[in-house]
Amino acid sequence: MEAEKQHIKTNERTIHPIYSKNSLNIHDNRPLAAVQAKMLGVIQMGGKKKKVTENILNHIMNGEVKDGRPTGLHGYTAGALPAGVIAASHGAIGSVHQIWWRTAQTGNKCSWSTMFPNTLNRNNIKTLLERAIALSGQWPREVAAITGITTIPIKIGSVGDTFFPVIGTGITEESKNKTYNVGGILCNVDNHN
């Protein structure tokens, strides 16, 4: 693959990165790691670097209700779902899996969410997301997660400003569109997130 060049104007100097599919070399008098981190964000995101903000972490860890519909929710706190979440699970909670969930507020409107293993806390998930952002290439991006004494690869997907674990096989379009009994109420999935 032929090397490409892109010129990025910073405060008082121009950085001339030379990068290819597998490497990024930047010639500048600042520390290389700092320059690479800045350039990776600019190059990969077309000038906008994704960030793991507190709002995004709250969306991932707690879920939320928007327009009467549940959305978000991809993590556990102390191994448990947030208070008020009513869920039916599909898969082993110690690995990436899927749940169908609702709240009392959403009634029979439920959502399905891919979930990080319940052994990963908020800080673990934030670290995984930051590591995924730092990688080059298209989403989803695979990072290693340490769950207890085991290291497992987790693919991280991203749409808009949010992030979620990606499930490989076992989750089909049919499984997303069925009616599920979630806490005694039959729900059709209203939101796929």
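Located above this text is the structure these notes cover.
Residues numbered from 1 in each chain as written. Predicted model: local features only at pLDDT ≥ 70, side-chain atom pairs only at ≥ 80, totals over all residues. Heavy atoms only, no water.

Colleague: Honestly, the packing of aromatic side chains in this entry has me stumped. Any pointers?
Modeller: This model, assessed by the stated rule, comprises 1 aromatic pair. Of note, Arg-141 hangs over the ring of Trp-139, and the distance from its end group to the ring centre comes to 4.1 Å. (Phe/Tyr/Trp six-rings, centres within 6.5 Å; stacked < 30°, edge-to-face > 60°. Lys NZ or Arg CZ within 6 Å of the ring centre and 35° of its normal.)

Colleague: Where do I start with helix H3 (residues 122-134) in this structure?
Modeller: The periodicity of an α-helix, 3.6 residues per turn, causes residues three or four positions apart to be oriented the same way. Look at H3: 18 Å from first C-alpha to last across 13 residues, which is about the 18 Å you get at 1.5 Å a residue. Among all positions in H3, only Ile-125, Leu-128, Leu-129, Ala-132 and Ile-133 are buried. Viewed along the axis of H3, the buried residues span an arc of 135°, placing them on a single side of the element. One side-chain oxygen at the N-terminal end of H3 lies 2.9 Å from the backbone nitrogen of Asn-123; it belongs to Asn-121. (Helix = DSSP H or I, 4+ residues; strand = E, 2+ residues; numbered from the N terminus. Expected span 1.5 Å × (residues − 1). Buried < 20%, exposed > 50% of the residue type's maximum accessible area, 1.4 Å probe, protein only. Arc of directions from axis to C-beta. Polar contact = N/O pair within 3.5 Å; in protein donor to acceptor, adjacent residues only side chain to side chain.)

Colleague: Explain helix H2 (residues 54-62) to me, please; I cannot follow it from the model alone.
Modeller: Every buried residue of H2 is listed here: Ile-56, Leu-57, His-59, Ile-60 and Met-61. On its buried side, H2 packs onto strand S5 (64-66), strand S6 (69-71), H3 and strand S12 (162-166). Where H2 terminates, the next one or two residues include Gly-63, which has phi positive at roughly 70°. (Contact = heavy atoms within 4.5 Å.)

Colleague: Would you explain the packing of H2 against H3 in this entry?
Modeller: To characterise two packed helices, one gives the angle between the axes of the helices and the distance between these axes. Their axes nearest at 11 Å, the elements H2 and H3 cross at an angle of 120°. Here H3 runs oblique to H2, going by the angle between their axes. Every pair of crossing elements has a handedness; the one defined by H2 and H3 is right-handed. Listed contacts from H3 to Glu-54, Leu-57, Asn-58, Ile-60 and Met-61 of H2 are Arg-122, Ile-125, Lys-126 and Leu-129. Within the contact of H2 with H3, the residues separate by chemical class into 5 nonpolar, 1 polar and 3 charged. (Axes fitted to C-alpha atoms, helices over the stretch in contact; angles between N-to-C directions. Parallel < 35°, antiparallel > 145°, perpendicular 65-115°, else oblique. Left-handed = near helix turned anticlockwise from the far one by under 90°. Nonpolar A, V, L, I, M, F, W, Y, C, P; charged D, E, K, R; others polar.)

Colleague: Just checking my understanding: could you explain the pattern of salt bridges for this structure?
Modeller: When the charged atoms of two side chains with opposite charge come close together, those side chains can pair. Applying the stated criterion across every chain yields a total of 1 salt bridge. Between Arg-122 and Glu-54 there is a salt bridge whose closest N-O contact spans 2.8 Å. Remark: Glu-54 occurs in helix H2 and Arg-122 occurs in helix H3; sequence separation between them is 68 residues. Overall, the relative accessible area of 25% leaves Arg-122 in the partly exposed class. Given a relative accessible area of 46%, Glu-54 falls into the partly exposed group. (Salt bridge = Lys/Arg side-chain N within 4 Å of Asp/Glu carboxyl O.)

Colleague: Quick question: what am I supposed to make of the pairing of strand S10 (residues 141-147) here?
Modeller: On a regular strand, one side chain projects to one face of the sheet and the next to the other, so that they alternate. Of the two faces of S10, only the one carrying Arg-141, Val-143, Ala-145 and Thr-147 is buried; Glu-142, Ala-144 and Ile-146 on the other face are not. As judged from the 7 bridges shared by S10 and strand S11 (residues 150-159), these two strands associate in the antiparallel manner. Note on S11: the bridge partner recorded for Ala-144 is Pro-153. Between the end of S10 and the start of S11, which pair antiparallel, lie 2 residues, with Gly-148 showing a positive phi angle near 70°. (Pairing = 2+ DSSP bridges.)

Colleague: Help me understand the pairing of S12, please; the structure alone is not making it clear to me.
Modeller: With 4 of its 5 residues buried, S12 lies for the most part within the structure. Pairing between S11 and S12: 5 bridges, direction antiparallel. By the bridge assignment, Ser-158 is partnered in S12 with Phe-163. Where S11 folds back on S12, the antiparallel hairpin that results is connected by 2 residues, among which Gly-160 adopts a positive phi of roughly 60°.

Colleague: Explain the nonpolar core to me, please; I cannot follow it from the model alone.
Modeller: Soluble globular proteins tend to bury their nonpolar side chains together. With 17 residues, the main nonpolar core has Ile-60, Phe-116, Leu-129, Ile-156 and Phe-163 as its most contacted residues. When contributions to this core are tallied by element, the ones reaching two or more residues are H2, H3, S10 and S11. The residues touching Ile-156, leaving out its near neighbours within four places in the chain, are Phe-116, Leu-129, Ala-132, Trp-139, Pro-140, Arg-141, Val-143, Phe-163, Phe-164 and Val-166. (Core = buried A, V, L, I, M, F, W, Y, C linked by side-chain atoms within 4.5 Å.)

Colleague: Help me understand the environment of Thr-114 in this model?
Modeller: Tracing the backbone through its elements, the reader meets Thr-114 in strand S9 (residues 109-115). Here the alpha-carbon distance between Thr-114 and Ile-99, two residues 15 residues apart in the chain, equals 6.5 Å. There is a polar contact of 2.6 Å between the side chain of Thr-114 and the backbone oxygen of Pro-165.

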